[in-house]
Amino acid sequence: MRQYLVSFIKKFRGFLKYNFRRDNPKLPYIITALVAFVVVVGGLNLFVELTETIKEEILATYDQQISEFIISYRNPILTKYFIFMTNVGDVYGYLGVFSVVVLISVLLYKSWKYILQIILVLMLASISNTILKHFINRARPGIEHLVEVETLSYPSGHAMAAMAFYGFLIYLFHRFKINSILKYSIMLLLVFIILSIGVSRIYLGVHYPSDIAGGYIAGLTWVFFCILIFNLVEVFRKDPKV
């Protein structure tokens, strides 16, 4: 057993020494994959912890206080804005933004890779959200809804899909070699969209704040899981012997 452990440690040390050379072209992908793995594990743990507390009194108190605070700002202008933002986080909103991304990917980068990656991330988030809603079975808030809803409450599908879709776009734009000011302006805009979509669901009375938090955590976990997979694929593609 001792010899086996010594042998394993030596091999692992050799692996690290080889792959973490500064001149190793795979190093950025390996580091990104390791960071993504840590975030995925942490995200899964955090989502489970939050899900286990959704029926506890302390969370219900926080949900009520935050909801009442946000709803207290209801007025015609904000209502129009948040209805618009909740639509940005729906099918037609994604189709519009997705069309722009397709043009950028095909015309500027002449590649369908990013398009397929975005589709995969959004599909994973959407399918898993439907499954989670079914098993957790949390009812919607019993307050006035300013928009129609048909599905269950936890985790928020809008928050989860927004984090998965727009969150992955943030990752892609971070990688794109474009003007720095333009790049970070777009990234900040995408962060603002994600937050606005989440707040809109509370403002419109169709979600608890914990629904939004759960959706964000689950969506972000899918983003980093896909980043992990895509970067590992890139490592193996560059060196099939890995």
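Our subject is the structure that appears above.
Residues numbered from 1 in each chain as written. Predicted model: local features only at pLDDT ≥ 70, side-chain atom pairs only at ≥ 80, totals over all residues. Heavy atoms only, no water.

Caption draft 1: Looking closely at the overall build of the protein chain. Scanning the protein chain from terminus to terminus reveals 9 helices and 0 strands. When its helices and strands are written in sequence order, the protein chain yields α-α-α-α-α-α-α-α-α. Out of the 242 residues in the protein chain, the part that is buried amounts to 42%. Summarising the internal contacts of the protein chain: among those between residues at least 6 apart in sequence, 75% fall at separations of at least 24. Looking at the protein chain as shown, the accessible area adds up to about 14700 Å², and 70% of this sits on carbon and sulfur atoms. (Helix = DSSP H or I, 4+ residues; strand = E, 2+ residues; numbered from the N terminus. Buried < 20%, exposed > 50% of the residue type's maximum accessible area, 1.4 Å probe, protein only. Contact = heavy atoms within 4.5 Å. Areas by Shrake-Rupley, 256 points an atom, 1.4 Å probe, with all protein chains shown as cover.)

Caption draft 2: Region of interest: the pattern of salt bridges. Per the counting criterion, the structure on display carries 2 salt bridges. A salt bridge links R138 to D63, with the nearest nitrogen and oxygen atoms 3.2 Å apart. Of this pair, R138 sits in the loop between α6 (113-136) and α7 (157-175) while D63 sits in helix α3 (residues 57-71); the two residues are 75 residues apart in sequence, bridging distant segments of the chain. Neither R138 nor D63 differs from the other in exposure class; each is buried. Between D211 and R138 there is a salt bridge, with the nearest N and O atoms lying 2.7 Å from each other. (Salt bridge = Lys/Arg side-chain N within 4 Å of Asp/Glu carboxyl O.)

Caption draft 3: Expanded view of the packing of aromatic side chains. Taken as a whole and assessed by the stated rule, the structure comprises 11 aromatic pairs. Ring centres 5.1 Å apart and planes at 65° place the aromatic pair Y81 and F82 in the edge-to-face group. Using a relative accessible area of 27% as the deciding quantity, one classes Y81 as partly exposed. The class for F82 is buried, based on a relative accessible area of 9%. (Phe/Tyr/Trp six-rings, centres within 6.5 Å; stacked < 30°, edge-to-face > 60°.)

Caption draft 4: The environment of I212, seen in detail. Among the secondary structure elements, I212 is positioned in helix α9 (residues 209-238). Remark: the alpha-carbon pair of I212 and G198, spanning 14 residues in sequence, is separated by 5.9 Å. Apart from residues lying up to four places away in sequence, I212 is in contact with S156, A159, G198, R201, I202 and H207.

Caption draft 5: Region of the structure containing the layout of surface pockets. Volume-wise, the largest pocket comes out at about 480 Å³. Contributing elements (two or more residues each) for the lining of the largest pocket: α4 (76-88), α5 (91-108), α6 and α7. Class assignment of the residues belonging to the lining of the largest pocket gives a composition of 7 nonpolar, 9 polar and 6 charged. (1 Å grid on protein atoms, 1.4 Å probe; cavity = no way out; pocket = protein on both sides within 12 Å on 5 of 7 lines; lining within 4 Å. Points joined across faces, edges and corners; volume = space filled by probe spheres on them. Nonpolar A, V, L, I, M, F, W, Y, C, P; charged D, E, K, R; others polar.)

Caption draft 6: Here's a closer look at a nonpolar patch on the surface. On the surface, W112, L116, I119, M123, I127, I131 and F135 cluster together to form a nonpolar patch covering roughly 780 Å² of accessible area. Here F135 is to be found in helix α6. (Patch = residues over 30% accessible without salt bridge, like charges linked within 9 Å, V, L, I, M, F, W, Y side chains within 5 Å.)

Caption draft 7: Quick peek at the packing of α5 against α6. Running from N to C, α5 and α6 point in directions that differ by 150°, and their axes come no closer than 8 Å. If you check the angle between α5 and α6, you find them roughly antiparallel. When α5 is examined against α6, the residues F98, V101, V102 and S105 are found in contact with a partner set consisting of Y114, I115, I118 and I119. (Axes fitted to C-alpha atoms, helices over the stretch in contact; angles between N-to-C directions. Parallel < 35°, antiparallel > 145°, perpendicular 65-115°, else oblique.)

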